[in-house]
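This is what each chain is made of:
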Amino acid sequence: MLVLSWNNVIFPPMDSSKMAFRITTISDEFPEFWQTPSDVSRRDSLLNISICHDRKTHRVTVEIGDTVLSENLNLAPPKKFWIASIGDSFSSGQGNPGDKWLDESCYRSKLAFPVRISEKIENSILSFLSCSGSTVEQGILSKNGQLEVLNSLIMSHGSPPDILFLTIGGNDIGFTDVISMVQRDSNIADKFDMRFFFVSHQIDRVAWKLREMNISRVVLLDYYDVTKNDRNEVDASCGAFGQVSLSNLKLAEKKILQRLNQLLRRKAQEYGWITVDNSEIFGTRGICSSRSLIRSRNESLVLQGNEYGSFHPNEEAHQLISMKILKTLKEREILKI
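Residues numbered from 1 in each chain as written. Predicted model: local features only at pLDDT ≥ 70, side-chain atom pairs only at ≥ 80, totals over all residues. Heavy atoms only, no water.

The name an unreviewed UniProt entry gives the protein is SGNH hydrolase-type esterase domain-containing protein, with Caenorhabditis briggsae as the organism.

Here it is as structure tokens:
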């Protein structure tokens, strides 16, 4: 009597015309690997046949000497874990072109943390929609924007993504304006009060749209701190911030960056989103640190031929962020990897 035990393996064969196939004996100790009919005929044993597949139906034929076993198998393909990423240059991977951008118009990088995470999760697929320069109004909620594209994918798929990564608020608050203003003005906090009201409302609009799309599992990242040195102190001495004084840089870090991250955490709590705190990663590794995780202007010029990658997380930073997110998801038992 021959007993066949099928093991549904999630990775399809490299050559779709051939099936990845192996037979071993089932043993309480160590399985034997059988390669020839004579190996099989030596004694009676249970067989384990493992097959890698990506189709629903297979015709499987096993020949052992003069004996031919043939059967149609209906094997359900493994369920995909769908990851989506929307947002700005933080999640697109700006500053890290690698050998080639995935999408140069959006500065989407295969070194960005959403891609890194997708590579670590077996049987996952990634809808990578994050785009450098995006705001809520122009890029996320706009016509043909990221959420409209994602909604089309949901309609086609029949269900929402298993998880959504979201980076939002940096361009809406105007980080570029912050750097420009702190070089000449020490009263920047007052000038940004109305912007924070605006950003709060914009986050609400995104949350309402996500709720309408039945996307409930959202991972919201707070923004990285570019200002800290090796001693976890705000530092303007390396020249990366131009003519910004130390006092103004400290003000910007406290009144703009910290305030924005506090707003993001409040909104995440309000809407039941998962938050990822990046302070441990960047706390001693800002742009003036000897172990900086932030792209400098010169690095950006060398790597991608322009300055747009400046003040963005580098390749190592995205790797560390991906590890932090994976740890968070495992702790919440969203992932079992």
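Having seen the structure, we can now continue with the description.
Chemist: Could you clarify how one ought to interpret the environment of glycine 169 in this entry?
Modeler: Mapped onto the elements of the fold, glycine 169 is located in the loop between β8 (163-167) and α5 (170-173). Judged by relative accessible area, glycine 169 falls into the buried class, the value being 1%. Distance from glycine 169 to glycine 87, taken between C-alpha atoms, is 8.8 Å for residues 82 residues apart in sequence. For glycine 169, the contacting residues outside a window of four places in its chain are Val199, Tyr223 and Leu260. (Helix = DSSP H or I, 4+ residues; strand = E, 2+ residues; numbered from the N terminus. Buried < 20%, exposed > 50% of the residue type's maximum accessible area, 1.4 Å probe, protein only. Contact = heavy atoms within 4.5 Å.)

Chemist: Teacher, can you tell me more about the pairing of β8 here?
Modeler: For β8, a buried count of 5 out of 5 residues is recorded, marking the element as mostly surrounded by other parts of the structure. Judged by which residues are buried, β8 turns out to be covered on both faces: Ile163, Phe165 and Thr167 on one side and Leu164 and Leu166 on the other are all buried. The pairing of strand β6 (residues 81-87) with β8 spans 5 bridges and is parallel. From the neighbouring strand, serine 85 faces β8, where its bridge partner is phenylalanine 165. Strand direction decides the pairing type here: β8 and strand β9 (residues 218-221), joined by 3 bridges, are parallel. Each bridged residue has a counterpart across the sheet, and for phenylalanine 165 the counterpart in β9 is valine 219. (Pairing = 2+ DSSP bridges.)

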